[in-house]
Every structure is written in C-alpha cells, then in structure tokens.
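Here's the letter readout for the chains.
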Amino acid sequence: MNKAIYQHFRAEEAPLIDSLNDMVNQAANEYRSILSHFLNPRELFIARTIVNTQDNVKMSSYGGLNNAERQRALFYPDYYEPELADFQISLMEVIYPHKFAVLHHGSILGTLVNSGIQREVLGDIITDSMRWQFFVEEPIASFLKTEVDRVSRVKVRLETQPMSERVTQISEWEEVNDTVPSLRADALISHFYNLSRKHAKDLFHAHKIQLNWMTLDKPDYELSDFDILSVRGYGRIRLNEQNGVSKKGKLKISAAVLKK
C-alpha cells in the first residue's frame, strides 16, 4: 500500500486503514476471498480507496439490501466471481405482539448490543412500520435466538427468515443539495436542524453527538465524505459529497438528513 494514502484520511483512522489493508494483502497473498465485519459508509469509502491502489484485488460490498447503510466488504483476487452467499448474512425478524406493543429502532439496537455482541456484527435494522427485521453475521444468529427474549418491556422472539421475506424498508432519509457555511459538525447540526450554534454546542457538551457511531466532543470537527453525524433526539446527517464553492463563498454539498 502506498503510504501516501494516510495523508487523505484522519490520523485516528490509521488503525482502520491498517486493518483493511491487512485484509486486502491477505486476499492477494493467499489467493482467496476475505470478508470484513459490517462497515459504515465512511469505512466502506476508505476500503474502496485502498483497493483502488491495488492491481490484483477487487472489492464488493453487500448488507442484505443493495442500498444498505452498513455492509460487509469482500476482498478477493481479480479472477474470482463473488456470490451473495459469500457475504454470510442472515436476516432475522423480531416477532412481537404488534397489536399491543410498539418497537423502536433504538430499543432494538440497544437490546442486541447489550446481549453481549459487538456492533460490527450487526447490519441495518429495517421496518415497514409494523414488522422489524435486522441483518447479522450468520454465525451470530443462533446466539441471538437464545439470548434475546425481550426488547425493553416487550416480550419477543427472534426468527431467521429467508431473504425473500425481507420487508420493504420505509426510508425516512431526505436527500438534499444545499450550501453551508462550513463543514464543522456544529455548523451542520445548526443548519439542518434549525438550531442556534450555542444549542448545537450544548449537545456536544451533553455527549449527545456521535460521528460514525463514536462519541464526538469537538464542535469544530470538520466532516469528510460519507461521514455520519448522529444527533440524539434529532436524527442523523450524512455528508455524501462536496461540490465546490457557491458564488457567495458557501460550500456546496449533497447530503442526506434523517429527522426524528
């Protein structure tokens, strides 16, 4: 790997770059496919950047849905033809008394993570407003079936479903093209959620902001392509691309916004 690649990413992303590069090298040296855990959009972007510097390794990604937010990356020799089965993803459904109870994304995610597994083995949680399903690495499915019997106070059971039973996901993301004064985290939160800059900074001080699922305590932290800001109580912001500067000196971006 060209060491110059580190210059294009944040210093704190170096361990991730090293880990992904090890997988790419393993695929090249052992002439076989190597599968990652579920990666968020920023991590997938970094993985693709690394693979693009290689001549004999390719990468495909899949998360159970073609447009899944979290996907597993498969690194493989350039002569290999990957199949969906190579991604080793199970679809699980949360069976609950939907006539008498309501479930939420946050409570399902919290229950799964608190069962003793790492976030990286879980993919997207999806719903059609009544049925709730999620994607998980295949070896973890049987463990979750035995460990999870409640979400909050609602009695549930988990069942593995064929991919053909996947619900049609309701997307609440709004894709936008906009101009913003800067890519600072507090500026974007203030802009997209119509908050004062002071209120936005207070959210950081209250530890209510995450960047790519890691707590962020720096309001002036600048986002890069495919970063996701999670704002507790408000939703999420995904920066897709930077598209230059407007005539008034503002930054042109494409983004996706999820409001609660």
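Residues numbered from 1 in each chain as written. Predicted model: local features only at pLDDT ≥ 70, side-chain atom pairs only at ≥ 80, totals over all residues. Heavy atoms only, no water.

Ile-140, Ala-141 and Leu-144 are the residues of helix 4 (residues 138-147) that are buried. An end-on view of helix 4 places all buried positions within 115° of arc, on one side of the element. Seen from the buried face of helix 4, the exposed residues on the opposite side, beyond 90 degrees, are Pro-139 and Thr-146. Looking at the buried positions of helix 4, the neighbouring elements they touch are strand 4 (89-95), helix 3 (105-114), strand 5 (122-127), strand 6 (132-137) and strand 9 (157-161). (Buried < 20%, exposed > 50% of the residue type's maximum accessible area, 1.4 Å probe, protein only. Helix = DSSP H or I, 4+ residues; strand = E, 2+ residues; numbered from the N terminus. Arc of directions from axis to C-beta. Contact = heavy atoms within 4.5 Å.)

The next thing to look at is the pairing of strand 6. Within strand 6, six of the six residues are buried, which leaves the element mostly enclosed by the surrounding structure. Burial along strand 6 is two-sided: Trp-132, Phe-134 and Val-136 and Gln-133, Phe-135 and Glu-137, pointing in opposite directions, are all buried. Relative to strand 6, strand 4 runs antiparallel, the two sharing six bridges. The partner of Met-92 across the bridge, within strand 6, is Phe-134. Two successive antiparallel strands, strand 5 and strand 6, enclose a turn made up of four residues, where Ser-129 displays a positive phi of approximately 90°. (Pairing = 2+ DSSP bridges.)

Before going further, it helps to examine the sheet that holds strand 11 (residues 209-211). An order of 10-15-14-13-11-12 is seen for the six strands of this open sheet, with the pairing classed as antiparallel. Edge positions in the sheet fall to strand 10 (173-180) and strand 12 (214-215), since each of these pairs with one other strand and no more. Pairing analysis gives three bridges linking strand 11 to strand 13 (residues 228-231), with the strands arranged antiparallel. Considered in strand 13, the bridge of Ile-209 is made with Val-231. Strand contacts of helix 5 (residues 185-193): strand 10, strand 11, strand 13, strand 14 (235-245) and strand 15 (251-259), with the helix running at about 65° to strand 15, the strand carrying the most contacts. (Axes fitted to C-alpha atoms, helices over the stretch in contact; angles between N-to-C directions.)

It is worth spelling out the pattern of salt bridges at this point. Under the criterion given, the structure shown has 14 salt bridges. Between Arg-32 and Glu-30 there is a salt bridge; the shortest N-O distance is 2.6 Å. Its relative accessible area of 40% is what places Glu-30 among the partly exposed residues. Across the salt bridge formed by Glu-69 and Arg-236, the nearest N and O atoms sit 2.8 Å from each other. Linking Glu-69 in the loop between strand 2 (57-62) and strand 3 (71-77) with Arg-236 in strand 14, this pair joins segments that are 167 residues apart in sequence. Neither Glu-69 nor Arg-236 differs from the other in exposure class; each is buried. The network of salt bridges with shared partners includes Arg-10, Glu-13, Arg-42 and Asp-227. (Salt bridge = Lys/Arg side-chain N within 4 Å of Asp/Glu carboxyl O.)

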